[in-house]
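Read off the chains here:
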Amino acid sequence: MDATQFDAVLKYSQDLVRQARKEANLAEFFKEVRQVLSVFDQQNLEKFFANQTIGKQDKMSILHLFQEEVSPILATFFDQIILKQEYDLLYPSLAEVIQHSQVAMGQYDMKLSTVVPFTASQKLKLIEKTEKLLGLKVRQVHEEIRPELMGGFVVEVNHKVIDASVRHQLQTIEHEMK
């Protein structure tokens, strides 16, 4: 993505968040955008819209189907994408909405990578400690099982990382021994 496209993505996402805040429904809009992105991920639509060999009419038809099911804010955004034929900016703009929304609401998603799943009580304790340590509010935890960590866990929230994995500890020891 070049600088012009990046600027357009930022403008689209900031305008969408601003509009949702203006209508006092940012939390609902956030959920809606997450659902749309989930469909995009499940159906591989990011690549579909970015593919230059797929006709604009096909892309427009898909967006029209979405427009029947989404809020007026997103429907208008889809109209802008269709009008300007900036289909390749659709997914990155919606992904950026998630980031801007989290900042605006002061709540962030937490990615938890671990070898074995955490229990509900372990997650609650981890959320509590993470919020206190990083000075932010965790909205939701997305857990990912990663055997290569060997043990422990890695937490990522708002571009901050807490790496308490056995793998990281072994790498640190190996580095110190050199």
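Okay, so let's go over this structure. (Residues numbered from 1 in each chain as written. Predicted model: local features only at pLDDT ≥ 70, side-chain atom pairs only at ≥ 80, totals over all residues. Heavy atoms only, no water.)

### Here we look at helix α5 (residues 72-84)
Because each turn of an α-helix spans 3.6 residues, side chains separated by three or four positions end up pointing in the same direction.
Reasoning step 1: Here α5 is 13 residues long and its end C-alpha atoms lie 18 Å apart, about the 18 Å a rise of 1.5 Å per residue gives.
Reasoning step 2: Turning to α5, its buried residues are Ile 73, Leu 74, Ala 75, Phe 77, Phe 78, Ile 81 and Ile 82.
Reasoning step 3: Of the surrounding elements, those touching the buried residues of α5 are α1 (3-22), α2 (26-43), α4 (56-67) and α6 (90-105).
Reasoning step 4: Taken from the residues just after α5, Gln 85 is the one with a positive phi, measuring 55 degrees. (Helix = DSSP H or I, 4+ residues; strand = E, 2+ residues; numbered from the N terminus. Expected span 1.5 Å × (residues − 1). Buried < 20%, exposed > 50% of the residue type's maximum accessible area, 1.4 Å probe, protein only. Contact = heavy atoms within 4.5 Å.)

### Quick word on the pairing of strand β4 (residues 160-163)
Reasoning step 1: Here strand β3 (residues 153-157) runs beside β4; their pairing, made up of four bridges, is antiparallel. Each bridged residue has a counterpart across the sheet, and for Val 157 the counterpart in β4 is Lys 160.
Reasoning step 2: In this antiparallel pair of consecutive strands, β3 and β4, the connection spans two residues, and Asn 158 shows a positive phi of 50 degrees. (Pairing = 2+ DSSP bridges.)

### A few points about the side chain of Ser 165
Reasoning step 1: In this structure, Ser 165 sits in the loop between β4 and α8 (166-177).
Reasoning step 2: Here the side chain of Ser 165 touches His 168 through a polar contact of 3.1 Å, landing on its backbone nitrogen.
Reasoning step 3: If we skip the residues at most four places from it in the chain, Ser 165 touches Leu 149, Gly 151, Gly 152, Phe 153 and Val 154. (Polar contact = N/O pair within 3.5 Å; in protein donor to acceptor, adjacent residues only side chain to side chain.)

### Remarks on the environment of Phe 77
Reasoning step 1: As for its position among the elements, Phe 77 is in helix α5.
Reasoning step 2: Taking the C-alpha atoms as reference points, Phe 77 and Lys 59, separated by 18 residues in sequence, lie 14 Å from one another.
Reasoning step 3: Sequence-distant contacts of Phe 77, defined by excluding residues within four places in its chain, comprise Tyr 12, Leu 16, Leu 90, Ser 93 and Leu 94.

### Remarks on the pairing of strand β1 (residues 107-114)
Reasoning step 1: The element β1 is largely enclosed, with a buried count of six among its eight residues.
Reasoning step 2: The sheet contact formed by β1 and strand β2 (residues 137-145) spans eight bridges and is parallel. For Tyr 108, the partnering residue across the bridge sits in β2 and is Val 138.
Reasoning step 3: Once you follow β1 into helix α7 (residues 120-134) and on to β2, the crossover reads as right-handed.
Reasoning step 4: Note: β1 against β3, five bridges, orientation antiparallel. Pairing of Leu 112 across the sheet is with Val 155, part of β3. (Right-handed = clockwise from strand over helix to strand, strands pointing away.)

### Some remarks on a nonpolar patch on the surface
Reasoning step 1: A surface patch of nonpolar side chains, amounting to about 440 Å² of accessible area, comprises Met 150, Leu 170, Ile 173 and Met 177.
Reasoning step 2: Mapped onto the elements, Leu 170 comes out in helix α8. (Patch = residues over 30% accessible without salt bridge, like charges linked within 9 Å, V, L, I, M, F, W, Y side chains within 5 Å. Areas by Shrake-Rupley, 256 points an atom, 1.4 Å probe, with all protein chains shown as cover. Salt bridge = Lys/Arg side-chain N within 4 Å of Asp/Glu carboxyl O.)

### Let's talk about the packing of aromatic side chains
Think of a pair of aromatic rings as described by two things: how far the centres are apart, and how the planes are tilted against each other in angle.
Reasoning step 1: All told, the structure shown has nine aromatic pairs when counted by the stated rule.
Reasoning step 2: Relative to Phe 49, the ring of Phe 48 has its centre 5.2 Å away and its plane inclined at 85 degrees; by these criteria the two rings are edge-to-face.
Reasoning step 3: Taken together, a centroid distance of 6.2 Å and an interplanar angle of 70 degrees make the contact between Phe 66 and Phe 78 edge-to-face. A residue pair is termed long-range when its members are at least 10 positions apart, and Phe 66 in helix α4 and Phe 78 in helix α5 qualify at twelve residues.
Reasoning step 4: With relative accessibility at 13%, the residue Phe 66 sits in the buried group.
Reasoning step 5: Cluster of aromatic residues (ring-pair linked, three or more members): Tyr 12, Phe 40, Phe 48, Phe 49, Phe 66, Phe 77, Phe 78, Tyr 87 and Tyr 91. (Phe/Tyr/Trp six-rings, centres within 6.5 Å; stacked < 30°, edge-to-face > 60°.)

### Overview of the side chain of Lys 59
Reasoning step 1: Turning to its location among the elements, Lys 59 is positioned in helix α4.
Reasoning step 2: Here Lys 59 sits buried without a salt bridge, and the closest side chain of opposite charge, Asp 88, lies 7.2 Å off (N-O distance).
Reasoning step 3: Reaching out from Lys 59, the side chain makes a polar contact with the backbone oxygen of Phe 49 at a distance of 3.1 Å. (Lys, Arg positive; Asp, Glu negative; His and termini not counted.)

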